[in-house]
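The chain contents come next:
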Amino acid sequence: DNKKIVRVLESHSPLSGLIAENIKLERKTTTEQFDAMWSSSLTDSSVKGKPDNQALDFSSRFSGLADILDVTTKPIIFDADNGGRLEHLPFTIRSLERLGVSAIMIEDKVGLKKNSLFKDQTGAKQDTIKDFCKKIELIKKTRNSKDFLIGARIESFILGKGLNDGLKRAKAYSEAGADLILIHSKEKSPKEIFSFSKTFRKTKYYKPLVSVPSTYSKTTESILIKNGFKIVIYANHMLRAAYPAMESAAKNILKNQRSFELENKISSVKEVINLIK
């Protein structure tokens with residue numbers, strides 16, 4: 001309610017969390033910064049060298065979250081994939097609240113995870129509305145504070161089920177207790193998510209809308225605001241920026257058999273030493 005859109009940056013380590021915490025851009029009349037952090041299952045898995053199929057368990061991810069929260073203060077949204085088994089959800093919620101996480105995002109898929117950005121979604125299955133609502137209701141019942149937000153991620157467009165299915169699910173999830181609705185898309189244009197927002201924002205079931213513009217990255221925040229979105233998540237960009245930089249540095253050392261040629265492309269030792277105060 002305090003601003004037009006909440007800007008969220010993926011953070012997969014305490015160091016990336018510190019960047020999200022401290023980076024600012026001064027404009028003539030405003031200061032641009034990130035409002036919150038996204039704990040991504042994709043980037044957490046990648047940092048551990050594991051595939052993004054829930055091979056990395058929640059306990060390992062909680063440990064990483066604790067390290068980030070030790071050195072940062074901004075809210076964290078936890079990407080919980082489909083939330084796991086219903087029986088395990090209370091433990092997950094209690095652990096996240098105890099750590100200081102501010103929100104959970106669960107997606108309405110079932111079975112072994114398949115990343116939603118893959119073109120081929122063969123074998124991916126969407127949960128029934130009834131069963132997914134049970135997860136939302138259980139989280140609502142378990143959480144200690146209403147300030148711990150429940151996000152419902154709808155995969156209807158990802159799985160080719162279309163607008164009406166997405167709207168039907170949004171209505172049900174909103175009634176079940178979701179505080180946020182994330183309508184996901186892997187298209188290069190935001191056209192389909194804007195068709196969703198145009199209708200959903202006019203209904204009595206409206207909850208703040210979340211966008212993850214990984215594939216439609218040309219879309220600016222001002223356009224998202226105009227189309228009714230209240231949160232934008234840059235969901236994997238910190239790791240995607242770090243990997244090619246590290247790979248390039250390693251190749252540079254191999255090529256020159258020394259690190260001198262790399263020095264003007266990387267942080268100085270002094271800068272790294274003084275980074276943490």
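Look above for the structure.
To keep things clear, this report deals only with the structure shown in the data block. (Residues numbered from 1 in each chain as written. Predicted model: local features only at pLDDT ≥ 70, side-chain atom pairs only at ≥ 80, totals over all residues. Heavy atoms only, no water.)

**Here we look at the packing of helix α4 (residues 89–99) against helix α5 (residues 129–142)**
Stated precisely, the cut-off is as follows: Lines are fitted to the C-alpha atoms to define the axes, a helix being fitted only along its stretch in contact, and any angle between axes, read from their N-to-C directions, falls within 0 to 180 degrees. The helix count covers DSSP runs of H or I at least four residues long, the strand count covers runs of E at least two residues long, and both are numbered beginning at the N terminus. These descriptions rest on fixed angle ranges, namely under 35 degrees for roughly parallel, over 145 for roughly antiparallel, 65 to 115 for roughly perpendicular, and the rest for oblique. By definition, turning the near helix anticlockwise from the far helix through less than a right angle yields a left-handed crossing, and turning it clockwise yields a right-handed one. Contacts were defined at the residue level, with two residues in contact if any of their heavy atoms lie within 4.5 Å. Gly is put with the polar residues, along with every residue not named as nonpolar or charged; the nonpolar set is Ala, Val, Leu, Ile, Met, Phe, Trp, Tyr, Cys and Pro, and the charged set is Asp, Glu, Lys and Arg.
Running from N to C, α4 and α5 point in directions that differ by 45 degrees, and their axes come no closer than 9 Å. Between α4 and α5, the angle falls in the class oblique. Handedness of the crossing formed by α4 with α5: right-handed. Contacts from Leu89, Pro90, Ile93, Arg94 and Glu97 in α4 reach Lys135, Leu138, Ile139 and Thr142 in α5. Taken together, the residues that form the contact of α4 with α5 break down as 5 nonpolar, 1 polar and 3 charged.

**Digging into the sheet that holds strand β6 (residues 103–107)**
For clarity, the threshold we go by: A pair of strands counts as paired when DSSP detects no fewer than two bridges linking them.
Spatially, β1-β4-β5-β6-β9-β10-β11-β12 is the arrangement adopted by the 8 strands of the closed barrel, whose pairing is parallel. Neighbour-to-neighbour, the strand axes of the sheet open up by a mean angle of 25 degrees, direction not taken into account. Where strand β10 (residues 180–183) and strand β11 (residues 209–211) come together, 2 bridges link them in parallel fashion. Considered in β11, the bridge of Leu182 is made with Val210.

**A closer look at the environment of Pro90**
Going by this rule: Partly exposed describes any residue whose relative accessible area lies between the buried limit of under 20% and the exposed limit of over 50%, with all areas from a 1.4 Å probe on protein chains only and scaled to the type maximum.
Turning to its location among the elements, Pro90 is positioned in helix α4. Note on Pro90: relative accessible area 17%, which makes it buried. Counting along the chain gives 156 residues from Pro90 to Met246, while the straight-line C-alpha distance between them is 39 Å. Among all residues touching Pro90, those that are not within four sequence positions of it are Leu138 and Thr142.

**Things to note about a nonpolar patch on the surface**
How we decide: Two joining distances apply to patches: 9 Å for like charges and 5 Å for nonpolar side chains (Val, Leu, Ile, Met, Phe, Trp, Tyr), and every residue must have over 30% relative accessible area and no salt bridge. Note on areas: Shrake-Rupley with a 1.4 Å probe; residue coverage comes only from the protein chains shown. Salt bridge, as used here: a side-chain nitrogen of Lys or Arg that lies within 4 Å of a carboxyl oxygen of Asp or Glu.
On the surface, a nonpolar cluster with roughly 290 Å² of combined accessible area is contributed by Leu15, Leu275 and Ile276. One can find Leu275 in the segment after α10 (269–273). On the basis of relative accessible area, Leu275 is assigned to the partly exposed category, the value being 49%.

**So, helix α3 (residues 58–71)**
Rule in force here: A helix is expected to span 1.5 Å multiplied by its residue count minus one. What the arc covers is the set of directions going from the helix axis to the C-beta atoms. For this analysis, a polar contact is any N or O atom pair within 3.5 Å, provided that within protein one partner can donate a hydrogen and the other can accept it, and provided that sequence-adjacent residues contribute only side-chain to side-chain pairs.
For α3, which comprises 14 residues, the first-to-last C-alpha distance of 21 Å matches the rise-based estimate of 20 Å (1.5 Å per residue) to within 8%. Inspection of α3 places Phe58, Arg61, Phe62, Leu65, Ile68 and Leu69 among the buried residues, and these make up the whole buried set. Angular distribution of buried residues about the axis of α3 spans 120 degrees; they occupy a single face of the element. Those residues of α3 hidden inside the fold are in contact with α1 (14–22), β4 (36–39), α2 (41–47), β5 (76–79) and α4. N-cap assignment for α3: the residue whose side-chain oxygen lies 3.0 Å from the backbone N of Ser59 is Asp57.

**Some details on the layout of surface pockets**
Regions of empty space are outlined by a rolling probe, equal in size to a water molecule, passed over the atoms. Spelled out, the test is: Residues are said to line a cavity or pocket when one of their atoms sits within 4 Å of a point; the points come from a 1 Å grid over protein atoms alone, cavities being sets where a 1.4 Å probe fits but cannot get out and pockets being open sets with protein on both sides within 12 Å along at least five of seven lines. Grid points are joined across faces, edges and corners, and a volume is the space filled by probe spheres set on the points.
Roughly 800 Å³ of internal volume is contained in the largest pocket. Along the walls of the largest pocket sit 26 residues, with Leu15, Ile19, Ala242, Ser267 and Leu275 positioned nearest its centre. When residues of the lining of the largest pocket are traced back to their parent elements, those giving at least two are α1, α9 (237–256) and α10. Take the lining of the largest pocket: its biggest share by element is 9 residues, from α9. Within this model, the second largest pocket holds a volume of roughly 520 Å³. Considering the residues around the second largest pocket, the lining is formed by 16 residues, among which Asp1, Val6, Leu149, Leu180 and Ile231 are closest to the centre.

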